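As a plain string of letters, each chain reads:
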Amino acid sequence: MNIHEKYISRCIELGKLGIGNTYPNPSVGCCLVVDDKIIGEGFTSIAGGNHAEVNAINSVKNKSLIKDSTIYVTLEPCCHHGKTPPCVDKIISNGIKKVVIGIKDPNPLVCGQGIKKLKENGIEVISGILKNECIEHHKRFLCYILNKRPYIILKWAETADGFIAPKQKNIDEPYWISNTKSRQLVHKWRSEEQAILVGAKTIREDNPRLTTRDWEGKNCDIYILSKKGFEKDYQIFNQDSKVTILNSEEIDFEKNVTRQICDKFYDDKIVSIIIEGGTKTLSNFLDSNTWDEMRIFKTQEKLVDGIKSPIIKYKAIKNITIGNNELVYYKNKGVTFSNI
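What comes next concerns the included structure. (Residues numbered from 1 in each chain as written. Predicted model: local features only at pLDDT ≥ 70, side-chain atom pairs only at ≥ 80, totals over all residues. Heavy atoms only, no water.)

This paragraph deals with the sheet that holds strand 8 (residues 195–199). As summarised here, the arrangement of the eight strands in space is 10-9-8-11-6-12-15-14, forming an open sheet in which the pairing is mixed. The strands lining the two open edges of the sheet, one partner per strand, are strand 10 (243–246) and strand 14 (318–322). Within the sheet, the average angular offset between the axes of one strand and its neighbour, ignoring direction, is 20°. Contacts from helix 6 (residues 139–147) reach strand 6 (151–158), strand 11 (272–277), strand 12 (293–299) and strand 15 (325–331) within the one sheet, and its direction differs from that of strand 6 by about 120°. (Pairing = 2+ DSSP bridges. Helix = DSSP H or I, 4+ residues; strand = E, 2+ residues; numbered from the N terminus. Axes fitted to C-alpha atoms, helices over the stretch in contact; angles between N-to-C directions. Contact = heavy atoms within 4.5 Å.)

Turning to the sheet that holds strand 2 (residues 37–43), a few remarks are in order. Taking strand neighbours across the sheet as the criterion, the five strands line up as 2-1-3-4-5 in an open arrangement whose pairing is mixed. A single partner strand is all that each edge strand has here, and the edge strands are strand 2 and strand 5 (124–127). Averaged over neighbouring strand pairs, the angle between their axes works out to 20° when direction is ignored. Of the pairings in the sheet, the one linking strand 4 (residues 98–103) to strand 5 comprises four bridges and is parallel in character. Along strand 5, the bridge assignment pairs lysine 98 with glutamate 124. Most of the contacts of helix 1 (residues 3–16) go to strand 3 (residues 70–75), to which it runs at about 55°, and overall it touches strand 1 (29–34), strand 2, strand 3, strand 4 and strand 5. Here helix 2 (residues 52–59) sits on the sheet and contacts strand 1, strand 2 and strand 3; the angle it forms with strand 2, its principal contact strand, is near 135°.

Don't take any of this as a statement about function, it's just geometry.
This is the structure:
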């Protein structure tokens, strides 16, 4: 690992600290380096707050060192006025002479213009450092900008004989396939994504809360897919989650439902989403190949009869043992951002 990779790697770690709190903006990481020593670092604030570059520059205690520093950042600095001024202007005004970037920003408002402005002001720019790692880190933002839909994670738990739930369930006593540690991990995932989508049947039969109560972080927005109206005497309506019902006024259920849902998410500026059930809703996205990751908890227990889990024909990329559960990860290899 060379020196540029070393500090872009640090920027990625910094960027991870903001995941879940910056939407619809990407969670960028940034650091300033002088003589192989970090003098300032930062990551993106919540939407409307400072970007990573501003936070990193502001964190430097000895401001006289800034003009001699190299600034490292996971994503091309912005060059347009949004809720905050352009980051390139902050870099230029502080006399920084070298900028090292992980990947270019495909957002049409930036898309190389940030790099161009830096170069026009005599600043050396190096880009494409740890490109694949930065793409992975910014996958949600990239998917939203390039595919005009949120980054989609499909998640469920299933028994050894392929069921996600018994046919008869007690709404007051949830039937858990995943164990306590697995469920806490799901709460961590929710804290990292912007929204959750579930079918109406899942809400009516399970009455879930869909919160991050076992992990620090804000609750996701909740979307419920329901052809008809939806009564509001369920737990999700008694908490601080924003709930949106996707009914026949929003979705034409006789046409491509998945595409319409994605268009709705895009219009709502939803950058990432977890789809948590049920089988029909999950299968809609699988059948249309509209997904990016699958995360499936599996147990050795059997139900013999019940609600079947979605059928998948993909090769797992990773398996993790969590107590008596096995967590299996899948990635849609047909969705790439290698042209950045």
